[in-house]
Amino acid sequence: MQSFQYLRFENSSGLATIVLNRPETLNAINDAVLDELDQAFTMLERDDQTRVVMITGGGDKAFVAGGDIAAMRQMSVLEGEKFVYRGQEVLKKIEDSRKVVIAALNGYTLGGGLELALACDIRIASEKAKLGLPEVCIGLYPGWGGTQRLVRLAGKGIAKALVFTGERISAEEARELGIVNKVVKHEELMTYCRTLAQKIMENSPIAVMQAKKAINQGSEISLDQALVLEAEAWLVNFSTEDRVEGLTSFLEKRKPHYQGK
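Residues numbered from 1 in each chain as written. Predicted model: local features only at pLDDT ≥ 70, side-chain atom pairs only at ≥ 80, totals over all residues. Heavy atoms only, no water.

**Brief notes about the overall build of the protein chain**
Here is the rule: In DSSP terms, a helix is any run of H or I states spanning at least four residues, a strand is any run of E spanning at least two, and both are numbered starting from the N terminus. Both definitions apply: the radius of gyration is a C-alpha atom measure, and the globule rule equals 2.2 Å times residues to the power 0.38. Relative accessibility thresholds used throughout: buried, under 20% of the residue-type maximum; exposed, over 50%; partly exposed, between the two (1.4 Å probe, protein chains only). Any pair of residues with heavy atoms lying within 4.5 Å of one another is described as a contacting pair. Asp and Glu count as negative and Lys and Arg as positive, but His and the ends of the chain are not part of the count. For charged residues, the charge sits on one atom: NZ in Lys, CZ in Arg, CG in Asp, CD in Glu.
Regarding its fold elements, the protein chain presents eleven helices and ten strands. Over its C-alpha trace the protein chain gives a radius of gyration of 19 Å, about what one expects of a compact globule, namely 18 Å for 261 residues. The dimensions of the protein chain, computed from C-alpha atoms along their principal axes, are 60 × 45 × 35 Å. Here the protein chain, with 261 residues, has 45% of them falling under the buried criterion. A separation threshold of at least 6 residues defines the contact pool for the protein chain, and within that pool the share at least 24 residues apart is 70%. For the protein chain, the separation between the mean place of its 32 positive charges and that of its 35 negative charges on side chains is 2 Å.

In structure tokens, the structure reads:
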């Protein structure tokens, strides 16, 4: 098992948990954290037993409070260029992962932290979470997909209001805007996310993976093109042993035993 300096990594029964662990900086993301996230997801992509990945923040205050401001203050323009593209690359890797990725938002989810959450498949927030893209307040603006993923998720008007003002919103406001899927009591967050992961893992691995592909790729193209993509992904799934097992178990009124084949 690979060791990390800034991540705590656990893997059990098909569920991997990644804890961003820089609580002294509210889990701010720097180059080293990006490298470790990249390494973690490279490792996970090679692990066929892992079905779901859960990402959360260390400590009791933040999921991720943003990019590391102190580090960015010292960057040259060329270093900043590398940092923005590196962040986009790692978050895209998370978004495109064959795993289902759940963000457990346990506190401040700001700037690069919200951008990380937006790259995940599902976002579950503690009632204590605060979300926002406050980069304009410090002379920046979101560069790790915040202006692009948020507009696709919540629409232009909401994205512009949040980005232009840098306003922080409550978890409940984020749910109402469609930015998070559900808000739960703070002490129930991790249990809820594990239960959600278990529900996902009870289903056909290939069906879930092909559905993720169809949703992610189809949302970026025309409806006619997306329907072709959906049918192609459906046919890939239809050719599997899991499809036969799923239909057979339904007719036999028993629980399916999927093999991911």
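**Focus on the side chain of Arg149**
Locating Arg149 in the fold gives a position in helix H5 (residues 146-154). Contact partners of Arg149, with chain neighbours within four places excluded, come to Leu91, Lys92, Glu95, Leu118, Ala119 and Trp144.

**Here's the deal with the state of the cysteines**
To be explicit about the condition: When the sulfur atoms of two cysteines come within 2.5 Å, that pair is taken as a disulfide.
Tallied over the full model, the rule gives zero disulfides. Not part of a disulfide, Cys193 finds its nearest cysteine sulfur in Cys120, a span of 11 Å. You can call Cys193 buried: its relative accessible area is 0%.

**So, the nonpolar core**
So the rule is basically this: The nonpolar core is taken to be a set of buried Ala, Val, Leu, Ile, Met, Phe, Trp, Tyr and Cys residues, with the residues joined through side-chain atoms within 4.5 Å.
Ranked by internal contacts, the top residues of the largest apolar core, which has 47 residues, are Ile18, Leu20, Ile55, Leu105, Leu116, Leu131 and Ile179. The element contributing the most residues to this core is helix H1 (residues 31-45), with seven residues. When residues no more than four places from it in sequence are discounted, the contact partners of Leu20 are Tyr6, Leu7, Asn27, Ile29, Val33, Leu37, Ile55, Thr56, Gly57, Gly58, Val64 and Leu116. Among the nonpolar cores identified, the runner-up in size contains 15 residues, and Ile124, Val184, Ala197 and Ile200 belong to it.

**Thoughts on the pattern of salt bridges**
The test is simple: Throughout this description, the term salt bridge denotes a Lys or Arg side-chain nitrogen within 4 Å of a carboxyl oxygen of Asp or Glu.
Inspection of every chain in the model, using the stated rule, returns 14 salt bridges. As a salt-bridge pair, Arg86 and Glu89 come within 2.9 Å of each other at their nearest N and O atoms. With a gap of three residues between them, Arg86 and Glu89 both fall in helix H3 (residues 77-95), about one helical turn apart. Note that Asp121 and Lys212 form a salt bridge whose closest N and O atoms lie 2.9 Å from each other. Of this pair, Asp121 sits in the loop between helix H4 (112-119) and strand E7 (122-126) while Lys212 is found in helix H9 (residues 205-218), placing the two residues 91 residues apart along the sequence. In this structure Asp121 comes out as partly exposed when scored by relative accessible area, which is 24%.

**Re the side chain of Glu245**
Looking at where Glu245 falls in the secondary structure, it is placed in helix H11 (residues 241-251). Sequence-distant contacts of Glu245, that is, excluding residues within four places in its chain, are made with Arg254, Lys255, Pro256, His257 and Tyr258.

**Looking at the sheet that holds E7**
Applied cut-off: Here, a strand pair is defined by DSSP locating no fewer than two bridges between the strands. Axis definition: a line fit to C-alpha positions, over the contact stretch in the case of helices; interaxial angles, taken between N-to-C directions, run 0 to 180 degrees.
Within the open sheet, the six strands sit side by side as E1-E2-E3-E5-E7-E10. Their pairing is mixed. Strands at the two margins of the open sheet, each flanked by one partner only, are strand E1 (7-12) and strand E10 (182-184). Adjacent strand axes in the sheet meet at a mean angle of 20°, parallel and antiparallel pairs treated alike.

**A few points about the sheet that holds strand E6 (residues 108-110)**
An order of E4-E6-E8-E9 is seen for the four strands of this open sheet, with the pairing classed as mixed. Of all the strands in the sheet, just strand E4 (62-64) and strand E9 (168-170) have a single pairing partner and so form its edges. Mean inter-strand twist for the sheet, computed between neighbouring axes without regard to direction, equals 20°. Where E4 lies against E6, two bridges are found, and the strand directions are parallel. Its bridge partner lying in E6, Val64 is registered against Thr109. Lying on the sheet, H4 is in contact with E4, E6 and strand E8 (130-132); it crosses E6 at an angle near 90°.

Remember that the coordinates give geometry; whether it matters functionally is a separate question.
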